[in-house]
Amino acid sequence: MSPVPRLAGAHYTVAVIGGGQAGLSVSHCLRARGIGHVVVEANRVGHEWRERRWDSFCLVTPNWQCNLPGHPYSGGDPDGFMVRDDIVRYLEDYVAAFRPPLVEGVSVTRLRRAPNGVFDVTTAAGEFTADQVVVATGPYHTPRIPRTAERLPAAVEQFHSSGYRNPDQLPDGGVLVVGTGQSGCQIAEDLHLAGRQVHLAVGGAPRVARFYRGRDCVAWLDEMGHYDKPIDEFDDADAVRLRVNHYVTGRDGGRDIDLRAFARDGMRLYGRLTGISGPALQFADDLKVNLDHADAVAEGIKDAIDAHIEAVGVEAPREPRYVPVWEPAEQPRALDVTEAGITSVVWSTGFTRDHRWIEIPAFDGRGYPMHWRGASNVPGLYFLGLPWQYSWGSGRFEAVGRDAEFLAGHIDASRRLADVCGTLTGAPAELASALPIG
């Protein structure tokens, strides 16, 4: 085992805050360039996957897309989907393979920048300094539950998706799942397959088919370059960054998630949840619109795949298009949880960012980091692992390594410039490192 790096009173060329796939990736890239650094992780490596995912959780992208720097997927099922424990093992094996300078179980509570450009990092194990800092804590910090949840009857037990584990965890009775992003749809399916009566508040998230014309849709999209298209090629970059991921599942080898099929088989669907008053719930009349929109997106992706197949002249089997298996006869606008026998609610309503510990003016009016490809407006401060940081694959196992390599190159260039400026001017290296890179 490598010795655990010292924090209190130490100084590092680079501090990496966060030891998930993003932090480990940039650590690998920094080591390859011979740049001294430390990685500080608040919990254990793999914590997010180990502690904030349900028992049946699996990736929704194929294993072959797991391609961290120096650590591509090497298992025997590249077209399969790793389950939760396999994902944790993949990250633990990564740590064992290159032994990063990692400190686990230490939270960073404050980040400031001194007048000389050096960063002051306050942790639970003491303070240290760094010339440059990579914030690799991702975007999913605090579970988001709407305040209206407080109006539910006390007898109804409430869970956030990050705290859901399995159907047996919930009390007997019906379950309301709020939200139809990837987590909400997969948790609703998990409960449905267990025989629970599920009530699902359907939002505007799109869906995608698992397979089409003989291949996983992810494979087609990868071949078509969708995961590589940079954010600056979109006219509405800010809106793109806020897009909800398409729902699909890798469960049991991968399949579509079809909410209409769930409804046909007994799940009860509603529009967006708009209000709560004791046991009385109110919903928007947008159920049909949301279902139709999700289908239209899925079919639009198939249209793009068809066009690609035609353009490159590849052989691919044809298959019939999707036909809706259920239509809402009505759009229920109200539900009484007591009368419906609902005893629990799972809020699949996402997370909020929490960067309050960063006392540096690096954020816009919405609290989003101001950056280009992860390099912030503050010299020496970087972000890694954000959704759409540069491309669709950013923040995922598929492309976080590319983002990490870019930032490592930027950090190296900044370090070299600081050395040159210090040599030419006699200025301290830490002051020279504050110079911006064009």
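Residues numbered from 1 in each chain as written. Predicted model: local features only at pLDDT ≥ 70, side-chain atom pairs only at ≥ 80, totals over all residues. Heavy atoms only, no water.

Student: Any chance you could explain the overall build of the chain here in plain terms?
Tutor: Helices and strands together make up the secondary structure of the chain, namely eleven helices and 23 strands. Against the globule reference of 22 Å for 438 residues, the chain gives a C-alpha radius of gyration of 24 Å, in line with a compact fold. Overall size of the chain, expressed as C-alpha extent along the three principal axes, is 80 × 60 × 45 Å. Here the contacts in the chain between residues at least 6 apart in sequence split such that 69% fall between residues at least 24 apart. Of note, the chain has its 44 positive side-chain charges centred 3 Å away from the centre of its 56 negative side-chain charges. (Helix = DSSP H or I, 4+ residues; strand = E, 2+ residues; numbered from the N terminus. Rg over C-alpha atoms; globule rule 2.2 N^0.38 Å. Contact = heavy atoms within 4.5 Å. Lys, Arg positive; Asp, Glu negative; His and termini not counted. Charge placed at Lys NZ, Arg CZ, Asp CG, Glu CD.)

Student: When you look at the sheet that holds strand β18 (residues 334–336) in this model, what are you seeing that I'm missing?
Tutor: Across a sheet, paired strands are connected by hydrogen bonds in the backbone, their directions being either parallel or antiparallel. If you trace the three strands from one edge of the open sheet to the other, you get β16-β17-β18, paired in antiparallel fashion. Both edges of this open sheet fall to β16 (273–277) and β18, since each of them pairs with a single strand only. Here the strands of the sheet are splayed against their neighbours by 20° on average, with no regard to which way each runs. (Pairing = 2+ DSSP bridges. Axes fitted to C-alpha atoms, helices over the stretch in contact; angles between N-to-C directions.)

Student: Looking at this structure, I do not really get the confidence of the model for the chain. What am I missing?
Tutor: Where the model shows low pLDDT, its predicted coordinates should not be examined in detail. Chain-level statistics for the chain give a pLDDT mean of 93 and a share of 95% at 70 or above. Per-residue pLDDT stays below 50 along residues 425–438; that stretch engages in 25 contacts with residues further than four places along the chain or on separate chains. (pLDDT = per-residue confidence, 0-100.)

Student: What is the right way to read the packing of aromatic side chains from this model?
Tutor: Here a ring pair, both rings aromatic, is described through the centre-centre distance and the interplanar angle of the planes. For the coordinates displayed, the defined rule picks out twelve aromatic pairs. Relative to F57, the ring of W49 has its centre 5.9 Å away and its plane inclined at 50°; by these criteria the two rings are tilted. Here W49 matches F57 in class, with each residue buried. Plain terms: the ring middles of Y270 and F283 are 4.6 Å apart, the flat faces sit at 20° to each other, and that makes the pair stacked. Here Y270, found in strand β15 (residues 268–270), pairs with F283, found in strand β17 (residues 280–283); they are 13 residues apart in sequence, far enough to count as distant. The pair Y270 / F283 is uniform in exposure class, with both members buried. Taken together, the ring pairs in this structure connect W49, W54, F57, Y90 and F397 into an aromatic cluster. Here the basic side chain of R53 rests over the ring of F57, its NZ or CZ set 5.4 Å away from the ring centre. If you follow R215 out to its NZ or CZ, it ends over the ring of W220, 4.5 Å from the centre. (Phe/Tyr/Trp six-rings, centres within 6.5 Å; stacked < 30°, edge-to-face > 60°. Buried < 20%, exposed > 50% of the residue type's maximum accessible area, 1.4 Å probe, protein only. Lys NZ or Arg CZ within 6 Å of the ring centre and 35° of its normal.)

Student: Hey, could you run me through helix α1 (residues 21–32) in this one?
Tutor: Along an α-helix, a turn takes 3.6 residues, which lines up residues three or four apart on a common side. The terminal C-alpha atoms of α1 lie 17 Å apart, and with twelve residues this matches the ideal 16 Å at 1.5 Å per residue to within 8%. Within α1, nine of the twelve residues are buried, which leaves it mostly tucked inside the rest of the structure. Among the residues of α1, Q21, A22, G23, L24, S25, V26, S27, C29 and L30 are the ones counted as buried. Within two residues after α1, G34 carries a phi angle of roughly 70°, on the positive side. (Expected span 1.5 Å × (residues − 1).)

Student: Mind showing me how you'd approach the environment of D295 here?
Tutor: Following the sequence through the fold, D295 ends up in helix α8 (residues 287–312). According to the relative accessible area criterion, D295 is buried, its value standing at 9%. For the pair formed by D295 and E41, sequence separation is 254 residues and the distance between their alpha carbons is 40 Å. If we skip the residues at most four places from it in the chain, D295 touches R207, R260, Y322 and P324.

Student: Looking at this structure, I do not really get the state of the cysteines. What am I missing?
Tutor: Throughout this description, disulfide means a covalent bond between two cysteine sulfur atoms. The full count for this structure, using the stated rule, is zero disulfides. Cysteine C29 shares no disulfide, and the gap to the nearest cysteine sulfur, in C66, comes to 16 Å. Using a relative accessible area of 3% as the deciding quantity, one classes C29 as buried. (Disulfide = S-S within 2.5 Å.)

Student: Can you walk me through the sheet that holds strand β12 (residues 198–201) in this structure?
Tutor: Judged by pairing direction, the sheet is parallel, and its five strands sit side by side in the order β10-β19-β11-β12-β15 without closing on themselves. If you trace the sheet from one side to the other, it starts and ends with β10 (157–160) and β15, each paired once. Averaged over neighbouring strand pairs, the angle between their axes works out to 20° when direction is ignored. Pairing of strand β11 (residues 174–178) with β12, which is carried by four bridges, proceeds in the parallel orientation. When the bridges of β12 are listed, V177 appears paired with L200.

Student: I would appreciate a short explanation of the environment of N63 in the present structure.
Tutor: Within the secondary structure, N63 sits in the loop between α2 (47–51) and β3 (67–68). For the pair formed by N63 and G80, sequence separation is 17 residues and the distance between their alpha carbons is 5.7 Å. In contact with N63, other than residues within four places in its own chain, are Y73, D77, P78, G80, F81 and M82. In terms of polar contacts, N63 uses its side chain to reach the backbone carbonyl oxygen of D77, at 2.8 Å. (Polar contact = N/O pair within 3.5 Å; in protein donor to acceptor, adjacent residues only side chain to side chain.)

Student: Hey, could you run me through the side chain of H192 in this one?
Tutor: Tracing the backbone through its elements, the reader meets H192 in helix α4 (residues 182–193). The class of H192 is buried, set by a relative accessible area of 17%. If near-sequence neighbours (up to four positions away) are discounted, H192 is found in contact with V198, F262, D265 and M267.

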